[in-house]
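Chain by chain, the residues:
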Amino acid sequence: MNGIEALMPGGALTPQHMMIAPILIPLIAAAIMLFYEDRQRKAKMAISLIASVMMLLVAFDLLNRSKGAGPSGGNEIGLYLLGDWPTPFGINLVLDRLSALMLVLASILSIPSLIFASATWQGRGQHFHSLFMFMMMGVNGAFLTGDLFNLFVFFEIMLAASYGLMLHGSGAARVRSGMHYIAINLVASLFFLIGVATIYGVVGTLNMADLAQRMPYIAASDRPLVHAGLAILGLAFLVKAGMWPLCFWLPPTYQAASAPVAAMFAILTKVGVYIILRLTFLTFAPGTGPSAGFGAGVLIAGGMATLAYGTVGILGSQAMSRMAGFSVLISSGTLLTVVGLAMGGGGVAMLAGALYYMIGSTIAIAGLFLLVELVERGQGSVAAMLALTSDLYGGPDDDPEEPEGSGFVIPGVMTILGVCFAALAVLLAGMPPLSGFLGKVMILSGMLQGTGSGPVEWAFMALLILSGLATLIALVRVGIQTFWAAADDVAPKVKASEIAPIAALILATVLLTWQARPAMRYMEATAAALHEPTVYINGVIMAERTVERQEQAETAPTPAPEPERERLGPPAPPMGAPAGEVQQ
Amino acid sequence: MELILSMGIGILVASGTWLVMRPRSFQVIVGLCLLSYGVNLFIFSMGRLRTAAAPILPKSGEIDPTAFTDPIPQALVLTAIVISFATTALFLVVLLASRGFTGTDHVDGKERQ
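Residues numbered from 1 in each chain as written. Chains lettered and ligands numbered in written order. Predicted model: local features only at pLDDT ≥ 70, side-chain atom pairs only at ≥ 80, totals over all residues.

Engineer: I'm lost on the overall build of chain B in this one. Help?
Structural biologist: The number of helices and strands found in chain B is three helices and zero strands. The globule rule puts the C-alpha radius of gyration for 113 residues at 13 Å, and the 19 Å found for chain B is more than 25% above it. The C-alpha extent of chain B, read off along each of the three principal axes, is 70 × 30 × 15 Å. Here chain B, with 113 residues, has 28% of them falling under the buried criterion. Partitioning the intrachain contacts of chain B with sequence separation of at least 6 by distance along the chain shows that 52% fall at a separation of at least 24. (Helix = DSSP H or I, 4+ residues; strand = E, 2+ residues; numbered from the N terminus. Rg over C-alpha atoms; globule rule 2.2 N^0.38 Å. Buried ≥ 20, exposed ≤ 12 C-beta atoms within 10 Å, placed from the backbone. Contact = placed C-beta atoms within 7 Å.)

Shown next, in the form of structure tokens:
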């Protein structure tokens, strides 16, 4: 469906194989890397970096496609039927604006994490790169799939790889919190299965679009059972997203995980948020029969409780890494509350602001996790843990294959780290001028325009601003201790390849701030599309199989190309350039 | 049959839940196993309970749907068994590693004082 396909006769008859690339690329890369010995880190690094860059390019291409043209309401639904089975029966992959956005976010995080890991972390355990790629496969698959059970499978791939990554580097602290992490996720997966089975038992479908289509017509006697099934299903994702009181595992786990892994784990909570967003808006969208708005109250209350818990937690934390863990909760709490409010009819503008905020805050959290490890390198607990893992696996010092090119230690480390830290603190606290501020302002202004100002809205506004203040106080306090008060400390040895990823992540948020208008326009169309689930449902249900399209082409001698499906012209870079949106 | 199956699921899940809450890591893993058995039976029962009905349709000929049982829950339960078995095995390894690191089988890595 891109320029090349449109030029080729019959190009429209082949399915869009590009859609499955975000799943295949990491799968193949991870499988190939299993054949390499664990000492060949340079080769593994090259393979996974190439795979990540390819994923980023594919994600941008898919994002560009999903913008679509007029008749689809600016939300072109891409559908990939695995094995070309007809829609409600086979497993399908569905691409729309939201999933394309999440794919881009995941690949944006993966490249800096990998480069950061190349400095030291990749050598502190086995199969780091393969596990990393398998986790990317699971994450991308969860974003793309349109089938509940297939979602379970991708979710498990993601989780199984994340168990391995969580333990990467070993050590008592990691194994202990890793055990909690695995146990709670195993139980959450069982909830997932109970939910899926209940839904199948009552509604008789596992296809998300088909389920959404049948929701208004479910018999009144069966409806409570479907609600129960979906609520139990939601529990699994709320555990992942870290909603209070299902979030006590999160800060210790993220604190104990190694830095590049923790940075990548920032996307895992967003997987939970994404699925909540996707499923609630498909099945309980405002104005879709008797189930509309189900669960909105729980999301609002739980989200605000998460926000409050994160606020108190970040103020009470001593270690920087723990603060980063609580900032994950603040971000999740904000998003969940907004989803709840939007479900209750909060309006498009607020949800768009929340999506914008999600991108910025996820990138900032990932950057903070990377930075924290560098700063804490010279300090107590983590240093001890590092020493322990070096003993176990042989540190990078006695490894002859360590790339020397990236190994030079840059001067003025603390200054650079301090500047990066200040930028991340500004981002997370939601201070001007960076994207954190814009996101929060857009959430709040959208909320005031949308639902007006009841007590719930005022409470949320107060909590959101207070959480920003608490983040600022906590980070400034620890920043003063680290960067100003402790001048006599030995500066940590930091390689350029460890600073560069942090700088790149900050640069990404600067870009997001600078190009806020086109980015925001994309988010608004995404939020509007979420409020119109019929577009998604029709895009999946009405789609023809490849076989049917070929049969039609054979019977009709001159297959008239559907004009609205052609997208010619140069593909514009999605968030960076305003041209991409203006063209429509 | 319904009564026995639902009692079986109930007992498995109830004992699994109790065991998962226990402080010893071995109890937790046994609890997780029991929970997953209960859940697998639950998925299986969502295809409705039938005896002497096959889930596989013949390739050709007249097909009477009432003579067959729903094959999808059976396929789902197979996937669920494999996945939960694999992740539980992984948990077992972590459990042993934790025992080695901390010297105790308490889930928090230290005995309550």
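Having seen the model, we can carry on.
Engineer: Just to check I follow, could you spell out the overall build of chain A for this structure?
Structural biologist: The secondary structure content of chain A amounts to 23 helices and two strands. Looking at chain A as a whole, 57% of its 584 residues qualify as buried. Put simply, of all contacts in chain A between residues at least 6 apart along the chain, 82% involve residues at least 24 apart.

Engineer: Just to check I follow, could you spell out the confidence of the model for chain B for this structure?
Structural biologist: Interpretation of the predicted coordinates at a detailed level should be avoided for regions scoring low in pLDDT. All names here are of chain B. Counting all residues, the mean pLDDT for chain B is 87, and 99% of those residues have values of 70 or more. At the low end of the mean pLDDT range in chain B sits helix H3 (residues 71–102), at 89; at the high end sits helix H1 (residues 2–20), at 93. Of the two predicted TM-score estimates for the complex, the pTM is 0.86 and the ipTM is 0.93. (pLDDT = per-residue confidence, 0-100.)

Engineer: Even after reading the chapter, I still don't get the interface of chain B and chain A, so can you show me in this structure?
Structural biologist: Bring the parts together and some accessible area is lost; that lost area is often taken as the interface size. Tallying the contact residues gives 28 residues for chain B and 22 residues for chain A. Every element with two or more residues in the side of chain B that touches chain A is listed here: helix H2 (25–45) and H3 of chain B. Ranked by residue count, the leading element in the side of chain B that touches chain A is H3(B), at 16 residues. Along the lines of polarity and charge, the residues of the side of chain B that touches chain A split into 20 nonpolar, eight polar and no charged. (Nonpolar A, V, L, I, M, F, W, Y, C, P; charged D, E, K, R; others polar.)

Engineer: For this particular structure, what's the right way to read the nonpolar core?
Structural biologist: When a protein is soluble and globular, its nonpolar side chains tend to lie buried together. Counting 232 residues, the largest nonpolar core has A:Val196, A:Phe369, A:Leu371 and A:Leu424 as the members making the most contacts within it. Among all residues touching A:Leu371, those that are not within four sequence positions of it are A:Leu417, A:Cys420, A:Phe421, A:Leu424 and A:Ile502. (Core = buried A, V, L, I, M, F, W, Y, C linked by C-beta atoms within 7 Å.)

Engineer: Explain the packing of helix H14 (residues 348–375) of chain A against helix H16 (residues 413–429) of chain A here, please?
Structural biologist: For any two helices packed against each other, one specifies the inter-axial angle together with the distance between the axes. Residues and elements named next belong to chain A. Between H14 and H16, the least distance of the axes is 9 Å, while the angle of their chain directions is 145°. Here H14 and H16 pass one another in a crossing that is left-handed. Two secondary-structure elements touch here, H14 through Gly360, Ser361, Ala364, Gly367, Leu368, Leu371, Leu374 and Val375 and H16 through Leu417, Cys420, Phe421, Leu424, Leu427 and Leu428. Of the residues contributing to the contact of H14 with H16, the split by class is 11 nonpolar, three polar and no charged. (Axes fitted to C-alpha atoms, helices over the stretch in contact; angles between N-to-C directions. Left-handed = near helix turned anticlockwise from the far one by under 90°.)

Engineer: Sorry if this is basic, but what is going on with the pairing of strand E1 (residues 78–81) of chain A here?
Structural biologist: Consecutive side chains along a regular strand alternate between the two faces of the sheet. Residues and elements named next belong to chain A. Of the two faces of E1, the one holding Gly78 and Tyr80 and the one holding Leu79 and Leu81 are both buried throughout. As defined by bridge partners, E1 adjoins strand E2 (residues 92–95) across four bridges and the pair is classed as antiparallel. What sits directly across from Leu81, in E2, is Asn92. (Pairing = 2+ DSSP bridges.)

Engineer: I would appreciate a short explanation of the environment of A:Ser113 in the present structure.
Structural biologist: All names here are of chain A. With respect to the helices, strands and loops of the structure, Ser113 is situated in helix H4 (residues 97–119). For Ser113, a count of 26 C-beta atoms within 10 Å corresponds to the buried category. Spatially, the C-alpha atoms of Ser113 and Ala259 are 8.3 Å apart, while their sequence positions differ by 146 residues. Dropping the residues within four chain positions of it, Ser113 is found in contact with Pro260, Ala263, Met264 and Ala366.

Engineer: Please explain the environment of A:Asp84 as it appears in this structure.
Structural biologist: Residue and element names in this part refer to chain A. Inspection of the secondary structure assignment puts Asp84 in the loop between E1 and E2. Each C-alpha atom of the pair Asp84 and Ala173 lies 47 Å from the other, and the pair is 89 residues apart in sequence. Excluding its chain neighbours within four sequence positions, the residues that come into contact with Asp84 are Arg545, Thr546 and Val547.

Engineer: Looking at this structure, I do not really get the environment of A:Leu235. What am I missing?
Structural biologist: With respect to the helices, strands and loops of the structure, A:Leu235 is situated in helix H9 (residues 223–241). Taking the C-alpha atoms as reference points, A:Leu235 and A:Ile276, 41 residues apart in sequence, are found 9.6 Å from one another.

Engineer: When you look at the packing of H4(A) against H14(A) in this model, what are you seeing that I'm missing?
Structural biologist: Residues and elements named next belong to chain A. With their axes 11 Å apart at the nearest point, H4 and H14 run at an angle of 10° to one another. As the angle between them shows, H4 and H14 are arranged roughly parallel. Along its contact with H4, which presents Leu105, Ile108, Leu109, Ser113 and Phe116, the element H14 presents Ile359, Thr362, Ile363, Ala366 and Leu370. Across the contact of H4 with H14, the residue classes tally to eight nonpolar, two polar and no charged. (Parallel < 35°, antiparallel > 145°, perpendicular 65-115°, else oblique.)

Engineer: What should I look at first to understand the confidence of the model for chain A in this one?
Structural biologist: Residues and elements named next belong to chain A. Mean pLDDT over chain A: 81, with 83% of residues reaching 70 or higher. Averaged pLDDT values over the elements of chain A bottom out at 38 in helix H23 (residues 579–582) and peak at 93 in helix H5 (residues 128–144). Across residues 1–12, where pLDDT falls below 50, the model places 12 contacts with residues more than four positions away in sequence or in other chains.

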